[in-house]
Amino acid sequence: MSRPDRRSSRFRRDRHGRGLRGRLVPGDVPLSRSRAEQFDDLVLDAVEDLERRWERELAGVEFAVEDVPWVDHTDPDEVVLDPDVLDDGTVPLARVLPAHREDGRDVPARIVVYRRPLEIRAHDRDDLADLVRDVVVDQVAVLLGRDPEEIDPTA
């Protein structure tokens, strides 16, 4: 009896003969998106709604999401947050970086939202969506020097 050819379709599977591993769910269903991608979508939804109302004022403003805030741990006893940081206790939730000039070029204003601290505070996805919206509204209010209720009356 001869040995089967390894190139045959029977042997194009993984070493256990079960076939190649692939996606567990189709790419077009919500379950296929990671938590980070879903969080990005929540931030984008909040930003798009505010940009419709404040298009001129928010032109050129960058919005970013980071997993956690960066903290200088050289002196753990003294954690001083800048006044442009929205915090809950001592954990930053978001931050406004105003526009400035660096190395002869203009750097646009940026609002950074921190994903993990917000996810930890939320009880469920709806609560997270509300929290993200509130944080984005508060940061836009800080950037524009306005009251959060003026930025989003429904908040």
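The rules we used
- Residues numbered from 1 in each chain as written.
- Predicted model: local features only at pLDDT ≥ 70, side-chain atom pairs only at ≥ 80, totals over all residues.
- Heavy atoms only, no water.
- Salt bridge = Lys/Arg side-chain N within 4 Å of Asp/Glu carboxyl O.
- Buried < 20%, exposed > 50% of the residue type's maximum accessible area, 1.4 Å probe, protein only.
- Helix = DSSP H or I, 4+ residues; strand = E, 2+ residues; numbered from the N terminus.
- Axes fitted to C-alpha atoms, helices over the stretch in contact; angles between N-to-C directions.
- Parallel < 35°, antiparallel > 145°, perpendicular 65-115°, else oblique.
- Left-handed = near helix turned anticlockwise from the far one by under 90°.
- Contact = heavy atoms within 4.5 Å.
- Patch = residues over 30% accessible without salt bridge, like charges linked within 9 Å, V, L, I, M, F, W, Y side chains within 5 Å.
- Areas by Shrake-Rupley, 256 points an atom, 1.4 Å probe, with all protein chains shown as cover.
- Lys, Arg positive; Asp, Glu negative; His and termini not counted.
- Charge placed at Lys NZ, Arg CZ, Asp CG, Glu CD.
- pLDDT = per-residue confidence, 0-100.
- Core = buried A, V, L, I, M, F, W, Y, C linked by side-chain atoms within 4.5 Å.

It is worth spelling out the pattern of salt bridges at this point. According to the stated counting rule, one finds 13 salt bridges in the structure shown. Notably, a salt bridge pairs R146 with E150, separated by 2.7 Å at the nearest N-O pair. By relative accessible area, which is 40% here, E150 ends up partly exposed.

We note that D103 has phi near 55°; this positive angle belongs to a residue other than glycine. Mapped onto the elements, D103 comes out in the loop between strand 4 (100–102) and strand 5 (105–107).

Attention shifts here to the packing of helix 1 (residues 35–53) against helix 4 (residues 125–144). For the pair helix 1 and helix 4, the least separation of the axes is 9 Å and the interaxial angle reads 45°. For the element pair helix 1 / helix 4, the angle class is oblique. Considering only the axes of helix 1 and helix 4, their crossing is right-handed. Where helix 1 approaches helix 4, its residues Q38, F39, L42, V43, A46, V47, D49, L50 and R53 are matched on the opposing element by R125, L128, A129, V132, R133, V136, V137 and V140.

Glancing now at a negative patch on the surface. Taken together, the side chains of D45, E48, E51 and E55 present a region of like negative charge at the surface. In terms of residue count, helix 1 provides more of the negative patch than any other element does, three residues in total. When you line up the elements, D45 lands in helix 1. Accessibility expressed as a relative area gives 48% for D45, which makes it partly exposed.

We now examine the confidence of the model for the protein. Predicted coordinates in regions of low pLDDT should not be interpreted in detail. Here the protein averages 79 in pLDDT, and 66% of its residues register 70 or above. Here strand 2 (residues 85–88) is the element of the protein with the lowest mean pLDDT, 59, and helix 4 is the one with the highest, 95. Scored below 50 in pLDDT, residues 75–81 makes four contacts in the model with residues more than four places away or belonging to other chains.

The next subject is the nonpolar core. Core analysis: the largest hydrophobic core is formed by 25 residues, its most contacted members being L118, V132 and V136. When residues of this core are traced back to their parent elements, those giving at least two are helix 1, strand 3 (91–97), strand 6 (110–114) and helix 4. If near-sequence neighbours (up to four positions away) are discounted, V136 is found in contact with A46, V47, L50, F63 and V113.

With respect to the helices and strands, the residue R115 is situated in helix 3 (residues 115–121). When sequence neighbours within four positions are dropped, the list of residues in contact with R115 reads R35, A36, F39, V65, E66 and D67.

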